[in-house]
Amino acid sequence: MASEMYGPLARYAARFHASVGDRHHVASPIGAWLLLALCGPASTGAARNELAEVLGTDVESAAAAARALLEAPHPLVPSATAVWNRPGVQTPALKQWLGTLPGSTQTGSLPEQARLDAWVRDHTLGLIGEFPLELRPETVLLLASALATKVSWDLPFEVTPAVALGADSAWAGRLSTVLRTPEQGHVAYIAPTERAGDVIVHVGSAKANTDWSVTTGLAVVSVAAAPGVSAADVLAAAYEVGPAAIRSDPRPRRSLYDLPLGDYPLWTIREEPTNDGITERHQAVLPAWSARDDHDLTPDALGFPAATRAMAGLLGVEKPPFEARQSAVARYGRYGFEAAAATGFATFDGVPPPGVVRIAELRFGHPYAVLAVAVDRRWEDGETIRGAWDGVPVFSGWVSEPSDVPPEEAAGDHTGQLT
């Protein structure tokens with residue numbers, strides 16, 4: 001994503017995480033943002049303005065950024081989007097909007113639930129087994145995004161007793177072992193931030209291949225602030241520090257010589273003699289973790305109500321019901337990191353779609369006609385040959401005096417003959 005999109009995405013992430021709160025969770029704000037960006041070109045009026053506010057930029061720029069991301073997928077973070085509509089639901093506006101979607105976005109008729117689940121598994125490296133939304137008979141339009149990654153650290157962590165987290169850590173008494181960075185190969189430092197003050201940073205790195213001249217890879221940035229700093233502020237600091245951590249001109253870092261020696265909540269600074277010429281060295285200790293979440297994306301702040309109004313304009317309806325959810329998983333361990341998210345956004349109406357079974361019981365309760373037609377055809381060399389009698393009515397009548405079913409037939413006796 002171009003650097004001008006960092007700010008909009010960070011602001012949307014703040015909205016997303018604020019809706020979840022400070023409980024343990026994992027999410028993919030960009031998975032939701034991409035769907036909103038795809039909806040942007042379909043919006044008009046107030047819905048367009050609201051989407052622009054939520055996206056953090058005008059809808060044209062957001063759509064262009066989404067297209068750039070989806071049409072040049074990252075080798076370590078495969079992504080996919082799809083738009084499905086009910087068969088037979090097609091308007092000129094919908095057709096025009098579908099033409100604005102990235103070429104990589106799958107389009108077509110609504111699949112069955114099993115195919116939706118398979119789509120999610122295929123595009124989340126098997127980490128998520130079910131689509132986040134259940135397909136309903138009244139579903140008209142369904143949008144989806146998926147992102148996933150499974151990487152191995154360039155250098156794995158070492159394992160150390162949990163007491164290394166420090167005497168002030170409640171986790172130290174609950175855990176047995178945690179992760180420690182090796183002597184070399186990991187990046188850790190202290191950085192000042194606007195929202196969270198001084199934070200500690202660890203960067204876990206993985207490359208797309210073994211060619212060290214290639215810069216394509218994945219960095220997992222862990223950021224911690226002093227106790228008492230709100231989750232919202234620490235997350236904001238992570239979005240501030242994260243992009244800078246992988247740039248050649250990273251943001252300022254604290255020199256250990258500008259900080260006092262001793263034990264503090266986030267670090268301990270000590271001095272040791274050395275002959276290797278290195279004047280500063282950072283180590284990091286952090287726990288392994290995993291998370292699995294299901295997020296409701298319907299709050300106004302997350303933009304899907306506005307996207308629903310945009311989709312309503314395409315379909316020629318007003319204020320259709322909608323549902324938007326995201327499923328996300330992640331695991332951070334000694335040898336690597338894996339994560340996936342699937343986001344679904346659906347609009348509904350009250351009309352059962354084609355293919356929904358309706359059963360009619362037909363009652364012949366008054367006089368009616370009857371016609372017997374001969375069938376006279378044979379098959380030769382794969383062709384149907386119609387005989388002279390084929391289609392000829394041979395009996396006809398009018399039924400106005402019905403009778404009871406004969407007792408033997410009612411009893412299931414099929415040996416009787418007509419008399």
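Just so it is clear, the model here is predicted, and its values are computed rather than measured.

Engineer: How should I be thinking about the pattern of salt bridges in this particular structure?
Structural biologist: Opposite charge on two side chains permits them to pair, given that their charged atoms come into close proximity. Throughout the structure, instances matching the rule amount to 13 salt bridges. Where R15 meets E53, a salt bridge forms, and the shortest distance between an N and an O atom there is 3.8 Å. In this pair, R15 sits in helix α1 (residues 6-20) while E53 sits in helix α3 (residues 45-55), placing the two residues 38 residues apart along the sequence. Classification of R15 by relative accessible area gives partly exposed; the value is 26%. The exposure class assigned to E53 is exposed, which follows from its relative accessible area of 56%. For R86, the salt bridge goes to D349, with nearest N and O atoms at 2.9 Å.

Engineer: How should I be thinking about the packing of helix α2 (residues 29-39) against α3 in this particular structure?
Structural biologist: Between α2 and α3, whose axes approach to 10 Å, the crossing angle comes to 150°. Viewed along their axes, α2 and α3 adopt a mutual orientation that is roughly antiparallel. Pair α2 / α3 crosses with left-handed handedness. Each of W33, L36, A37 and C39 in α2 lies in contact with α3, whose residues at this interface are L51, V54 and L55. Its residues placed into classes, the contact of α2 with α3 shows 7 nonpolar, no polar and no charged.

Engineer: Would you take a moment to explain the confidence of the model for the protein for this structure?
Structural biologist: Detailed reading of predicted coordinates is not advised where the pLDDT is low. Residues with a pLDDT of 70 or more make up 81% of the protein, whose mean pLDDT is 83. Across residues 210-214 the pLDDT falls below 50, and counting only partners more than four positions away or on other chains, this stretch makes 4 contacts in the model.

Engineer: Would you take a moment to explain the sheet that holds strand β12 (residues 289-296) for this structure?
Structural biologist: Two strands in a sheet stick together by hydrogen bonds in their backbones, pointing the same way (parallel) or opposite ways (antiparallel). As summarised here, the arrangement of the 6 strands in space is β2-β1-β3-β14-β13-β12, forming an open sheet in which the pairing is mixed. The open sheet has two free edges, formed respectively by β2 (106-109) and β12, since each of these has just one partner strand. Looking at each pair of strands side by side, their axes are set apart by 10° on average, direction ignored. Inspection of the sheet shows strand β1 (residues 79-85) paired to β2 by 4 bridges, in the parallel sense. Note that in β2 the partner of V83 across the bridge is T107. Helix-sheet contacts for helix α9 (residues 304-315) involve β3 (139-152), β13 (322-332) and β14 (336-348), and the interaxial angle to β14 is about 50°.

Engineer: Explain the packing of α3 against α9 to me, please; I cannot follow it from the model alone.
Structural biologist: Two measures define how a pair of helices packs: the angle their axes make with one another and the distance between the axes. Remark: α3 packs on α9, axes separated minimally by 9 Å, with the N-to-C direction vectors making an angle of 145°. Like other packed secondary-structure pairs, α3 and α9 cross with a definite hand, here left-handed. Together, A47, E50 and L51 of α3 and A306, A307, R309 and A310 of α9 make up the contact between the two elements. In the contact of α3 with α9, the residues fall into 5 nonpolar, no polar and 2 charged.

Engineer: Mind showing me how you'd approach the packing of aromatic side chains here?
Structural biologist: For any two aromatic rings, the description comes down to two numbers: the centre-to-centre distance and the angle of the planes. Across all of its chains, the model carries 11 aromatic pairs by this definition. Each member of the aromatic cluster is reached from another via a ring pair, and the members are W153, F157, W289, Y332 and F337. Its end group placed over the ring of F348, R136 keeps NZ or CZ at 3.7 Å from the ring centre.

Engineer: Is there a simple way to think about the side chain of H202 in this case?
Structural biologist: If you trace the backbone, H202 turns up in strand β7 (residues 197-207). Given the relative accessible area of 3%, H202 is considered buried. Separated by 3.5 Å, the side chains of H202 and Y332 make a polar contact. For H202, the residues in contact, after removing those within four places along its chain, are F157, T181, H186, V187, A188, V220, V221, S222, A284, L286 and Y332.

Here is what the cut-offs are and how they apply
- Residues numbered from 1 in each chain as written.
- Predicted model: local features only at pLDDT ≥ 70, side-chain atom pairs only at ≥ 80, totals over all residues.
- Heavy atoms only, no water.
- Salt bridge = Lys/Arg side-chain N within 4 Å of Asp/Glu carboxyl O.
- Helix = DSSP H or I, 4+ residues; strand = E, 2+ residues; numbered from the N terminus.
- Buried < 20%, exposed > 50% of the residue type's maximum accessible area, 1.4 Å probe, protein only.
- Axes fitted to C-alpha atoms, helices over the stretch in contact; angles between N-to-C directions.
- Parallel < 35°, antiparallel > 145°, perpendicular 65-115°, else oblique.
- Left-handed = near helix turned anticlockwise from the far one by under 90°.
- Contact = heavy atoms within 4.5 Å.
- Nonpolar A, V, L, I, M, F, W, Y, C, P; charged D, E, K, R; others polar.
- pLDDT = per-residue confidence, 0-100.
- Pairing = 2+ DSSP bridges.
- Phe/Tyr/Trp six-rings, centres within 6.5 Å; stacked < 30°, edge-to-face > 60°.
- Lys NZ or Arg CZ within 6 Å of the ring centre and 35° of its normal.
- Polar contact = N/O pair within 3.5 Å; in protein donor to acceptor, adjacent residues only side chain to side chain.

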